[in-house]
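An overview of the molecular structure
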Amino acid sequence: MENLIPLINRLQRACTALGDHGGEKALPTLWDALPSIAVVGGQSSGKSSVLESVVGKDFLPRGSGIVTRRPLVLQLHRIDEGKEYAEFGHLPRKRFTDFTAVRKEITDETDRETGRSKQISSVPIYLSIYSPNVVNLTLIDLPGLTKVAVEGQSESIVADIENMVRSFIEKPNCIILAVSPANQDLATSDAIKISREVDPKGERTFGVLTKIDLMDQGTDAVDILEGRAYKLQFPWIGVVNRSQADINKNVDMIAARRREREYFAQTSEYKHLASRMGSEHLGKVLSQHLESVIKSRIPSLQSLISKTIIELESELSRLGKPIATDAGGKLYMIMEICRIFDGVFKEHLDGIRPGGDKIYNVFDSQLPSALKRLQFDKHLSMDNVRKLITEADGYQPHLIAPEQGYRRLIETALITIKGPAETAVEAVHGILKELVHKSISETVELKQYPSLKVEVTNAANDSLNRMKEESRRATLQLVEMECSYLTVDFFRKLPQDVEKGGNPTHSIFDRYNDSYLRRIGSNVLSYVNMVCSGLRNSIPKSIVYCQVREAKRSLLDFFFAELGKKESKQLSKLLDEDPAVMQRRSSLAKRLELYRAAQAEIDSVSWSK
């Protein structure tokens with residue numbers, strides 16, 4: 001149990017160091033989940049004097065108006081022996097043994113945050129005090145509630161202070177120390193009024209009654225202290241602080257504690273309550289209660305921390321890595337992102353992701369259908385064969401076989417295959433561009449950097465365009481090769497018709513008769529179909545070699561070559577992440593650091609127990 005309050009102290013300090021002051025909506029907050037004791041009271045209620053009595057030191061700023069303008073997280077650490085000293089969270093290695101200097105530093109640090117105005121801030125100041133005269137305890141001193149703005153304060157200061165106080169005490173993990181002066185009507189107590197709003201059953205409110213010794217003669221506070229005037233779950237505790245005269249005379253706090261004990265023990269109205277009155281008793285009660293609350297909250301705190309760590313890690317993973325600061329780091333980051341994109345693109349082509357099958361559909365369905373639609377038999381109609389054979393013969397008819405006519409018929413038929421071939425090249429090009437677009441959208445890392453996304457998209461499309469032109473050239477060359485050199489063996493194996501084709505004594509009219517021309521058309525059609533069948537297999541090979549294979553092998557090679565020439569400023573322009581995303585990542589990283597540290601702290605205490 002003795003480790004629990006120091007544990008919460010360490011977690012609270014870590015919260016402040018990493019920017020978690022509670023009340024946030026954009027980020028998970030650990031501060032709000034930590035058990036704490038908030039000291040609430042109106043101005044001049046004796047709130048500061050109560051804290052000094054618990055500590056046994058005169059260290060808080062004093063004056064008129066609003067003196068406490070920032071929450072003061074006061075962490076008390078009991079030491080067995082040695083000189084008392086204090087440390088501030090913002091000055092971690094500086095020890096203060098002069099508590100007058102502590103008072104001055106509280107004022108100075110408040111001014112650093114709020115300026116020398118009389119405005120308030122919710123950013124806490126951390127003060128740790130190490131002394132043999134204190135119990136292990138943490139208290140949060142909040143600005144005193146007020147009803148009127150004084151000169152130099154905005155008109156909203158009354159509501160601002162109330163809202164700040166409420167933001168602390170409305171949390172279910174907050175224990176409320178409501179300080180009220182006994183010489184005023186309890187019904188008008190600012191502390192009781194606001195405590196009742198957030199804790200109507202009084203289940204987490206401790207009532208502290210100050211200035212009992214200043215009550216009008218003939219009156220006492222017994223009804224309040226015994227819980228009859230206003231009942232709380234925990235007994236009321238009365239304290240007697242130093243008077244203003246004592247403060248002016250620098251009366252020792254230890255002597256003031258002794259006089260406080262004597263007052264309750266010797267005053268007839270309070271003798272029967274003396275054992276549970278006084279600032280020393282208040283410190284012990286609060287310390288014991290805080291420890292029990294912390295112990296009961298540890299399991300739920302561990303669960304909350306583990307769950308939040310998972311959520312923070314998940315969001316950080318989604319946001320991606322932070323941008324490197326040096327040119328080499330930026331270049332490496334860009335290339336790594338490009339490799340991730342390239343890997344996604346290859347997965348589409350290789351069937352790990354959908355889309356690559358569309359290319360096969362071009363070869364298996366679209367190209368064959370386009371070749372069939374060429375209708376070579378119509379091209380080799382009787383009239384067209386006669387026309388081309390006659391034109392090829394020119395002024396002198398062929399002697400044995402119309403070779404020039406054959407060549408012209410074959411060439412004019414084969415040349416039409418260029419259309420489907422080019423269409424196949426374009427179809428595959430369109431599919432590859434579509435896969436690039438898909439891969440860009442599926443590469444989460446590219447979403448961080450709009451400029452890099454555009455550059456990679458343009459570079460990939462430029463490469464695909466170059467590959468398409470090379471593929472078109474190579475594929476059309478296949479057709480042109482078939483046009484430029486015919487397979488002679490095919491014609492040598494054809495049956496020779498001596499009467500129709502090889503007898504030069506026949507008249508020119510016999511030589512161009514229908515039967516003869518039909519035979520020529522049939523031979524040419526057979527040859528063209530043979531070539532077309534071969535091209536149906538070789539065109540896909542050419543397209544895959546020039547486009548698909550090259551896209552897998554060197555889609556971003558040109559981009560990488562140009563990237564190596566860029567200077568740091570140019571690389572920075574590519575990594576133009578949204579500033580809001582950068583800020584969010586930084587905030588999440590700090591918050592994750594906090595939660596991991598909290599997890600380690602709690603685990604260390606759990607193991608030690």
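Residues numbered from 1 in each chain as written. Predicted model: local features only at pLDDT ≥ 70, side-chain atom pairs only at ≥ 80, totals over all residues. Heavy atoms only, no water.

Moving on, we come to the overall build of the protein. Along the protein, the regular secondary structure elements total 23 helices and nine strands. When burial is assessed residue by residue, the protein has 49% of its 609 residues classed as buried. For the protein, restricting intrachain contacts to residue pairs at least 6 apart in sequence, the fraction spanning at least 24 positions comes to 81%. Accessible surface, the protein: about 30,400 Å² in total, of which carbon and sulfur atoms supply 51%. (Helix = DSSP H or I, 4+ residues; strand = E, 2+ residues; numbered from the N terminus. Buried < 20%, exposed > 50% of the residue type's maximum accessible area, 1.4 Å probe, protein only. Contact = heavy atoms within 4.5 Å. Areas by Shrake-Rupley, 256 points an atom, 1.4 Å probe, with all protein chains shown as cover.)

Turning our eyes to something else, we now look at the packing of aromatic side chains. Applying the stated criterion across every chain yields a total of nine aromatic pairs. Where Phe88 meets Phe96, the ring centres are 5.3 Å apart and the plane angle is 80°; that geometry is what we call edge-to-face. We classify Phe96 as buried; its relative accessible area is 6%. Ring geometry for Phe490 versus Tyr527: centroids 5.3 Å apart, planes at 65°, classification edge-to-face. Of this pair, Phe490 sits in helix α17 (residues 488–492) while Tyr527 sits in helix α20 (residues 514–554); the two residues are 37 residues apart in sequence, bridging distant segments of the chain. When sorted by exposure, Phe490 lands in the same class as Tyr527, which is buried. Within the aromatic cluster, the residues linked to one another by ring pairs are Tyr263, Phe264 and Tyr270. Here the guanidinium or amino end of Lys171 rests over the ring plane of Phe168, the centre of that ring lying 5.4 Å away. (Phe/Tyr/Trp six-rings, centres within 6.5 Å; stacked < 30°, edge-to-face > 60°. Lys NZ or Arg CZ within 6 Å of the ring centre and 35° of its normal.)

The N-to-C vectors of helix α16 (residues 450–484) and α20 enclose an angle of 160°; their axes lie 9 Å apart at closest approach. By the angle between their axes, α16 is roughly antiparallel relative to α20. α20 is crossed by α16, and the crossing has right-handed handedness. Facing α16, whose interface residues are Ser463, Leu464, Met467, Lys468, Glu470, Ser471, Ala474, Thr475, Leu478, Val479 and Glu482, α20 presents Tyr527, Val531, Leu535, Ser538, Ile539, Ser542, Ile543, Cys546, Gln547, Glu550, Ala551 and Ser554. Its residues assigned to classes, the contact of α16 with α20 comprises 12 nonpolar, seven polar and four charged. (Axes fitted to C-alpha atoms, helices over the stretch in contact; angles between N-to-C directions. Parallel < 35°, antiparallel > 145°, perpendicular 65-115°, else oblique. Left-handed = near helix turned anticlockwise from the far one by under 90°. Nonpolar A, V, L, I, M, F, W, Y, C, P; charged D, E, K, R; others polar.)

To continue, consider the nonpolar core. Phe59, Leu127 and Ile169 are the most contacted members of the largest nonpolar core, which has 100 residues in total. Looking at which element gives the most residues to this core, the answer is helix α9 (residues 279–319), with 13 residues. The residues touching Phe59, leaving out its near neighbours within four places in the chain, are Leu51, Glu52, Leu72, Leu74, Phe99, Val102, Arg103, Ile106, Leu127 and Ile129. By size, the runner-up hydrophobic cluster in this structure holds 69 residues, among which are Cys338, Leu367, Tyr406 and Leu555. (Core = buried A, V, L, I, M, F, W, Y, C linked by side-chain atoms within 4.5 Å.)

Two faces belong to every sheet, and in a regular strand the side chains alternate between them. The element strand β2 (residues 72–78) is extensively covered by neighbouring structure, given that six of its seven residues are classed as buried. As paired strands, β2 and strand β5 (residues 125–131) are joined by seven bridges and run parallel to one another. When the bridges of β5 are listed, Val73 appears paired with Tyr126. Relative to strand β6 (residues 137–141), β2 runs antiparallel, the two being bridged by five bridges. Following the sheet pairing, Gln75 is matched in β6 by Thr138. (Pairing = 2+ DSSP bridges.)

Time to look at the pattern of salt bridges. Enumeration according to the criterion identifies 35 salt bridges in this entry. With a closest N to O distance of 2.7 Å, Lys104 and Asp108 form a salt bridge. Residue Lys104 and its partner Asp108 are both found in helix α3 (residues 99–114); the two are separated by four residues, about one turn of the helix. Taking the relative accessible area as the measure of exposure, Lys104 reaches 53% and is therefore exposed. Among the salt bridges present, the one from Arg112 reaches Glu109, with a minimum N-O distance of 2.6 Å. Linking Arg112 with Glu109, this pair stays in helix α3, spanning three residues, or about one helical turn. Among the residues examined, Glu109 registers a relative accessible area of 14% and is labelled buried. Three or more residues are tied together by salt bridges with common partners; here these are Glu422, Glu426, Lys468, Glu469 and Arg472. (Salt bridge = Lys/Arg side-chain N within 4 Å of Asp/Glu carboxyl O.)

Within this structure, the stated rule accounts for two cavities of 30 Å³ or more. Taken as a whole, the largest cavity spans an internal volume of roughly 50 Å³. What lines the largest cavity is Trp31, Asp32, Leu34, Ser36, Phe168, Lys171, Asn173 and Cys174. For the lining of the largest cavity, the residue count by class is four nonpolar, two polar and two charged. Estimates place the volume of the second largest cavity at around 40 Å³. Looking at the second largest cavity, the residues that line it are Ser53, Val240, Asn241, Arg242, Met253, Ala256, Arg257, Glu260 and Ser279. Take the lining of the second largest cavity: its biggest share by element is four residues, from helix α8 (residues 253–266). (1 Å grid on protein atoms, 1.4 Å probe; cavity = no way out; pocket = protein on both sides within 12 Å on 5 of 7 lines; lining within 4 Å. Points joined across faces, edges and corners; volume = space filled by probe spheres on them.)

Here nine strands make up an open sheet; going across it, the order is β4-β3-β5-β2-β6-β1-β7-β8-β9 and the pairing mixed. Among the strands making up the open sheet, the edge pair consists of β4 (91–96) and β9 (237–238).

Attention now moves to unusual backbone geometry. Only a minority of non-glycine residues have a phi that is not negative, and only a minority of peptide bonds are not trans. A positive phi angle is found at Lys211, which is not glycine, with a value near 55°. With respect to the secondary-structure elements, Lys211 resides in the loop between β8 (205–210) and α6 (222–225).

Here the protein averages 84 in pLDDT, and 90% of its residues register 70 or above. The spread of mean pLDDT over the elements of the protein runs between helix α18 (residues 498–502), the lowest at 46, and helix α15 (residues 418–442), the highest at 96. For the stretch residues 498–509, pLDDT sits under 50, and the model shows 15 contacts to residues farther than four places along the chain or on other chains. (pLDDT = per-residue confidence, 0-100.)

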